[in-house]
Amino acid sequence: MQTNSDHRLHVAIIMDGNGRWAESRGMPRAAGHQVGADSVRAIVSAAIEHNIGALTLYAFSTYNWQRPSPEVAGLMSLLRHFLLVEAPELQRNGVRISVLGRRDRVPLGLARAITAAERATVAGTRLHLRIAIDYSARDAILAAASDGLTAEAIAERLGTEDVDFLIRTGGDQRLSDFLLWECAQAELYFTPVQWPDFGPTEFDTALADFAHRTRSFGAIPA
Ligand code: FPP
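Heads up: these notes are all about the structure in this document.

## Points about the overall build of the protein chain
Working step 1: Along the protein chain, the regular secondary structure elements total 7 helices and 6 strands.
Working step 2: Secondary structure of the protein chain in N-to-C order comes out as β-α-α-β-α-β-α-β-α-α-β-β-α.
Working step 3: Over its C-alpha trace the protein chain gives a radius of gyration of 17 Å, about what one expects of a compact globule, namely 17 Å for 222 residues.
Working step 4: For the protein chain, the C-alpha atoms occupy an extent of roughly 50 × 40 × 35 Å along the three principal directions.

## Describing the packing of helix α3 (residues 69-92) against helix α4 (residues 108-120)
Working step 1: Where α3 meets α4, the closest approach of the two axes is 9 Å, and the angle between their N-to-C directions is 15 degrees. It follows that α3 is roughly parallel to α4 by the angle criterion. α4 is crossed by α3, and the crossing has left-handed handedness. Residues Met 76, Leu 79, Arg 80, Leu 83, Leu 84, Ala 87 and Gln 91 of α3 form the contact with α4, whose own contacting residues are Gly 109, Leu 110, Ala 113, Ile 114, Ala 117 and Ala 120.
Working step 2: The class makeup of the residues in the contact of α3 with α4 is 10 nonpolar, 2 polar and 1 charged.

## Quick word on α3
Working step 1: For α3, with 24 residues, the first-to-last C-alpha span of 35 Å sits near the 34 Å given by 1.5 Å per residue.
Working step 2: Along its length, α3 reaches its greatest deviation from straightness, about 45 degrees, at Glu 86, and the proline Pro 88 lies no more than four positions downstream.
Working step 3: For α3, the full list of buried residues reads Glu 71, Val 72, Leu 75, Met 76, Leu 78, Leu 79, Phe 82, Leu 83, Glu 86, Ala 87 and Leu 90.
Working step 4: The inward-facing, buried residues of α3 abut α2 (29-49), β2 (54-61), β3 (95-100), α4 and β4 (127-135).
Working step 5: Of the residues trailing α3, Gly 94 is marked for its positive phi of about 75 degrees.

## Structural notes on the layout of surface pockets
Working step 1: Taken as a whole, the largest pocket spans an internal volume of roughly 620 Å³.
Working step 2: Contributions of two or more residues to the lining of the largest pocket are made by α1 (18-23), α2, β2 and α3.
Working step 3: Considered class by class, the residues forming the lining of the largest pocket number 15 nonpolar, 8 polar and 7 charged.
Working step 4: Taken as a whole, the second largest pocket spans an internal volume of roughly 220 Å³.
Working step 5: At the level of secondary structure, the elements contributing two or more residues to the lining of the second largest pocket comprise β4, α5 (137-144) and α6 (151-158).
Working step 6: Here the lining of the second largest pocket takes 4 residues from α5, the largest share from any one element.
Working step 7: Of the residues assigned to the lining of the second largest pocket, the class counts are 6 nonpolar, 4 polar and 5 charged.

## Considerations on the site of the ligand
Working step 1: Around the ligand, the surrounding shell holds 20 residues, and the nearest of these are Asp 16, Gly 19, Arg 20, Arg 29 and Arg 67.
Working step 2: In this structure, an oxygen atom belonging to the ligand sits 2.6 Å away from a side-chain N or O atom of Arg 67.
Working step 3: Burial of the ligand by the surrounding chains reaches 93%, relative to a free accessible area of 620 Å².
Working step 4: At a threshold of 2 Å from the grid points, most atoms of the ligand map onto the largest pocket.
Working step 5: Secondary-structure elements contributing two or more residues to the shell around the ligand are α1, α2 and α3.
Working step 6: For the shell around the ligand, the element with the highest residue contribution is α2, accounting for 5 residues.
Working step 7: Counted by class, the shell around the ligand contains 10 nonpolar, 6 polar and 4 charged residues.

## Here we look at the side chain of His 33
Working step 1: Checked against the element boundaries, His 33 lands in helix α2.
Working step 2: The class for His 33 is buried, based on a relative accessible area of 8%.
Working step 3: Not counting the four nearest positions on each side in its chain, His 33 is found in contact with Asn 18, Arg 67, Glu 71, Leu 75 and Leu 78.

## Structural notes on the environment of Pro 70
Working step 1: Tracing the backbone shows Pro 70 in helix α3.
Working step 2: Counting along the chain gives 64 residues from Pro 70 to Asp 6, while the straight-line C-alpha distance between them is 45 Å.

Cut-offs and rules
- Residues numbered from 1 in each chain as written.
- Predicted model: local features only at pLDDT ≥ 70, side-chain atom pairs only at ≥ 80, totals over all residues.
- Heavy atoms only, no water.
- Helix = DSSP H or I, 4+ residues; strand = E, 2+ residues; numbered from the N terminus.
- Rg over C-alpha atoms; globule rule 2.2 N^0.38 Å.
- Axes fitted to C-alpha atoms, helices over the stretch in contact; angles between N-to-C directions.
- Parallel < 35°, antiparallel > 145°, perpendicular 65-115°, else oblique.
- Left-handed = near helix turned anticlockwise from the far one by under 90°.
- Contact = heavy atoms within 4.5 Å.
- Nonpolar A, V, L, I, M, F, W, Y, C, P; charged D, E, K, R; others polar.
- Expected span 1.5 Å × (residues − 1).
- Bend = angle between axes of the 7 residues up to and from the residue.
- Buried < 20%, exposed > 50% of the residue type's maximum accessible area, 1.4 Å probe, protein only.
- 1 Å grid on protein atoms, 1.4 Å probe; cavity = no way out; pocket = protein on both sides within 12 Å on 5 of 7 lines; lining within 4 Å.
- Points joined across faces, edges and corners; volume = space filled by probe spheres on them.
- Near = heavy atom within 4 Å.
- Polar contact = N/O pair within 3.5 Å; in protein donor to acceptor, adjacent residues only side chain to side chain.
- Areas by Shrake-Rupley, 256 points an atom, 1.4 Å probe, with all protein chains shown as cover.
- Sits in = over half its atoms within 2 Å of the grid points.

Right, dumping it as structure tokens:
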């Protein structure tokens, strides 16, 4: 399915279910994250094919620091590796990479990889890939807010656009402090499929579902 229109979609994904995917196969949770990174590659390519404007992925929430330190270290290393290895190819494909969230608590190697990937891909216009790392929507709103601000100014300070379509894999039906402001009018899609099994076919199914939604934004649908 091609999603062509003047407005290029912003799709956000809560990539849940890596740990359960691995545990159900008798594998360490880290293996689920590894295969999850393969899903990320496939979905980024699919998003380009669908002419999606922006794709925001929830890779690590502020709450994830509470996980055992080897899992946290593994995720930090996986993210660093992804940015270092994938950025040149993404740059060639016209993808701009931005990272949302705090930069001051991640390992220095990851912080450097983030800066390098953002700089190298800044001119990309085909897809804006936003990766949320050490991210909390409440923290982002608090940081953006001050007295007398307009909604537009807060949106600008948050640095992301309104989400059109939010996908959550893994079966849970909650937002988990992800893009709370930006999802004000988002269509939500929950699937029991675990993130490592979520490929271009499942993405197509989700986008086809979105294409049938009527978006009235509180008005009477035309
Ligand atoms: C949630 O699954 C997923 C995460 C906390 C990490 C997401 C990270 C990736 C998909 C890897 C790479 C990402 C990028 C952007 C390259 P979970 O561990 O909470 O699974 P569970 O709910 O089954 O325990």
